[in-house]
Amino acid sequence: MPSRRYMHPKFAVVGHPNKGKSSIVSTLAFDDAVQISDTPGSTTKKQSFPLTVDGKILYELFDTPGFQRARRVLAWLEKHDVPADKKHEVVQAFINEHKEDERFQDEIELLEPIMAGAGIIYVVDGSKPYGEEYEAEMEILRWTGQPSMALINLIGDTNYVEEWKRALGHYFKMVRVFNPMEADFIQHLNLLESMAQLNEEWIVPVKASIILFKQYHEQMFEQSASSITQLVHHSLSHIEQLSLTHEDATAEEREEIQEKYQMQLRTYELESQKKIEKIWNHDHLQKVQESLLFEGMDLFSKESASIFGLTRKELLITGATGGAVTGAGIDLLFGGSTLLLGSAIGALVGGSGVFFGFNELSDIKVLGQNLGKKYLEIGPMKNLNFPYILLNRALYHASEVASRSHALRSVAKFEMGKSFTERWMDESTRKSLEKFHSKFRSGDEVKEEERKEYESLILTALKNIID
Amino acid sequence: MNLKTYINLYELVKTHKGTREENRALGLEYEKIKNEPVKQLEVWTKKHTPTLGKPLLSDTFSTYLYGMTLTLVIIAFFLGFFSGVGLLSYSGHEPVNVIYYMAMVVLLPLATMTLTLFSMFRANASQSLLVHISPAFWMEKMLRFLPQKAQSSLQELKINPLLSNWLIIKRSQLLALMFSLGLLVALLGMVITKDIAFAWSTTLQVSPNEFHSLLHTLAFAWRDIFPWAVPSVELIEQSQYFRLGEKLDTQMIQNASKLGEWWKFLAFATLFYAILLRFGMWILSMFGFKKALKRSLLSLEGASILLREMNEPIITTSATVEKKNVVPQGSHTMQEVEDLDGSYDRTLGWAMSSDELRVLNDSMQVITPMAFDVGGANSLDEDSEIISKCQGEVLFYVKSWEPPTMDFIDFLEDLTRVADKVILAPVGTVEDAYLPKIKELEMWGRKLQQISSDKVWLKRSSVKTLSRESLNAES
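S.K.: Kindly report on the overall build of chain A, identifying the contributing residues and their values.
M.R.: Helix and strand content of chain A: 18 helices and 9 strands. When each of the 467 residues of chain A is scored for burial, the buried share is 43%.

What follows is the structure, encoded as structure tokens:
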């Protein structure tokens, strides 16, 4: 007897139109590219979302169009009086016979992967009441004979879950509640575990997929930490040069180099943000807005310093630790009180908080006779507060991106207070970070192991924030 | 692995990183060296170097470095040679004071080698004074003598400070070695071609015995194997001289033939301190350079990402083909009604029970002779029969939250064939007091625009109207 060819597990996400099928697929596939629309009938073709490892598919998800003419399909099936073991053949016959029939394109698109062996994930909206019109759909799915489970998606605020559970229990042996907008990584994995239970043969490959997902998730964290490390290192060690036209630098030239220097640091930040959005498969967010967060809040603004910077006390301790109090002293312009730090941005702008000025980021020096030319040089970053502002912004951005559901299509909102820093930075972390910041500023070679050590600090911080 | 690999990788990670898939494929191809990142980077660099434009920056740099080193090596050799000749010049009036020469071949090498050891420990720092005082450091300044094109491309090359420091340390040792060889050649040359009377002289109160003891210590490395290369106390006594009186001691003149014996000690001192130890330092600097090269390769910008791409499996979850959903757009202008009439010829409820329909009619204060529940659990035949019973104006309730399926559209199209006017009234849930949400109404509106029928009207009730109707219903 010939051995059966291995087939990876497949799951078809099916259901009534507009019940969040695409949202669920988007979340399960970590893909914000899935088109989600509130107009019924916008998904007309099935779409495959395979989980691949080095090109090998471990399992495959299918986003499908919703049922459109379920009663007609069921009527056609019921015309064929066959025993239970032949029912799936009737479904296949329906597909074969109506392949060219435009009226049933949606049903054929959704039934095809099921008839090709996919497990059924039937999605309903648990925030709306149950209706009899769903029964035709569930009956058709029963005819296919494929293992199935129901997923109650809570789209709105009201809750009809119990009502749905009672109804779905008649058709599906497994019913789960899953909110793709709010599900965290653990819930995601739990759902995968449930999906594996549909078929005994799928348990091993899906469990392997779960392990890989964990690895994938860890990779995302590590890559984010690496990207943030690179951002801080680049920003702190950056040196900008400008050739002088005359013997002495003019005020305009000094202003120009300062502007160029700041612009370069902004570019580093933006690039890092884009990289992190890409790592977490949120690169489509950029279509919604140029920069995911911090719109209107410049890296060198008072608001940034107030929200993301160190407090006066912390800064002075940091200065002492780094042995650079003198250098930092001239950089700091204390203004106002710190009473409004926990408030919203608008209030912070008004209150100004503790603002450490950016007029003196680094010395501007007229240098050298390099090949007979004089030039202006600014950098590396001297301001002690800057790395913390940069780091806080980067960590906040990364944590927002990492915990954002791929099903969300709304514009990300900026809401945070000073307490954010407390979530990840204590005295000892700050001390450890400062050691590296001094190293980054020095321009000395940063050893691989040192870079990894800093990355590990960032990784821990990021995980602490997200957990 | 050499400097060329480093520069090629430096250039490649800036211009051609390879795709994630290519890098992973290479990682899998060389899975045996998975735990040897330097080798992996070498393999990757070798594979991608052909993509770099010619001439390679590494070639330009190596040629420049080779040329500069060769020039300086020759200069150092001749400098050593002429220094030796100068130190050993014998006019015949005064013997050659071996202390000058010893200072050059023992003291100076020991001092500079100590500094070198310090600079090796401090090689990490980008601004190392010890490195900067090295003559090799000033090789960079010779850059200005290169053609403009080479200058600009080399100036863009920012070598890791650790590596450039080691490069300087290594080159310095080579130059010092050549300088010492020059000294040795000068010594041997002078000894062969001239009759030199060596002597020693110092202002310090050093007795011949003490001086012998010092020389005996300095000769620790060869005194047992070549005892004749260590000056005896007798020779030391005979070759001590004082300049006072500007005359050579008669004893010295009588033992003139013996004074030349010093050359053996001087040659061995040169060989050991200036050449062998320096050679050792050069070897050490080569090891240090290799180590620095490895570390620099790993800390090169982009190298860690490259290694990650080679070693980590590519896990993808996204769709292989990005699909653009098309939202169907209707061209028909939607007809709307604000308020419901008091009576209709028929009322229908899509996927609603007859009880629900009755409650709805009641709450909307609508009177009708016949009300039917359609869709839902009905069969298609049952629906057809109901359609056949419809006529005149029909009020058709639908669940506002349920999107209209084609099943519903089919029914509606059939209905419009028999009815004169169909008022479609989306109603919300009981919890919402039957009020549809604006978003839901818009969804129904968009769908109905696709039906080109003048008989269909949408009840787009304002919230106010619906609230009134709901209030009435409650009362």
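Picking up after the structure, the text goes on.
S.K.: Mind laying out the sheet that holds strand S6 (residues 175–177) of chain A, listing which residues take part and the relevant values?
M.R.: The 7 strands lie next to each other as S6(A)-S5(A)-S4(A)-S1(A)-S3(A)-S2(A)-S3(B), forming an open sheet whose pairing is mixed. Either end of the sheet is taken by a strand with one partner, and the two such strands are S6 of chain A together with strand S3 (315–316) of chain B. Two strands pair when backbone bridges link them, and strand S1 (residues 10–15) of chain A and strand S3 (residues 56–63) of chain A are joined in this way by 4 bridges, in the parallel orientation. Paired with Ala-12 of chain A across the bridge in S3 of chain A is Phe-62 of chain A.

S.K.: How would you summarise the environment of Lys-278 of chain A if you had to cite specific residues and measurements?
M.R.: Considering the arrangement of structural elements, one finds Lys-278 of chain A in helix H9 (residues 251–279). Measuring from C-alpha to C-alpha, the distance between Lys-278 of chain A and Val-401 of chain A comes to 9.7 Å, with 123 residues separating the pair along the chain.

S.K.: Outline the confidence of the model for chain A, listing residues and values.
M.R.: Should the pLDDT be low somewhere, the predicted coordinates at that spot are not to be read in detail. Here chain A averages 81 in pLDDT, and 76% of its residues register 70 or above. Below pLDDT 50 for its whole length, residues 322–359 of chain A participates in 68 contacts with residues either more than four positions away or in separate chains.

S.K.: Hey, could you go over unusual backbone geometry for me, with residue numbers and the actual values?
M.R.: Between Gly-379 of chain A and Pro-380 of chain A the backbone carries a cis peptide bond, its omega angle lying at -5 degrees. With respect to the secondary-structure elements, Pro-380 of chain A resides in the loop between strand S9 (373–378) and helix H15 (386–402). A cis geometry characterises the amide bond from Lys-54 of chain B onward to Pro-55 of chain B, with omega recorded as -5 degrees. Positionally, Pro-55 of chain B belongs in the loop between helix H3 (37–48) and helix H4 (57–88). In the Ramachandran plot, Ala-351 of chain B falls in the positive-phi region, its phi being about 55 degrees despite a non-glycine side chain. Assignment of secondary structure puts Ala-351 of chain B in the loop between strand S5 (346–350) and helix H15 (354–363).

The rules behind these values
Residues numbered from 1 in each chain as written. Chains lettered and ligands numbered in written order. Predicted model: local features only at pLDDT ≥ 70, side-chain atom pairs only at ≥ 80, totals over all residues. Helix = DSSP H or I, 4+ residues; strand = E, 2+ residues; numbered from the N terminus. Buried ≥ 20, exposed ≤ 12 C-beta atoms within 10 Å, placed from the backbone. Pairing = 2+ DSSP bridges. pLDDT = per-residue confidence, 0-100. Contact = placed C-beta atoms within 7 Å.

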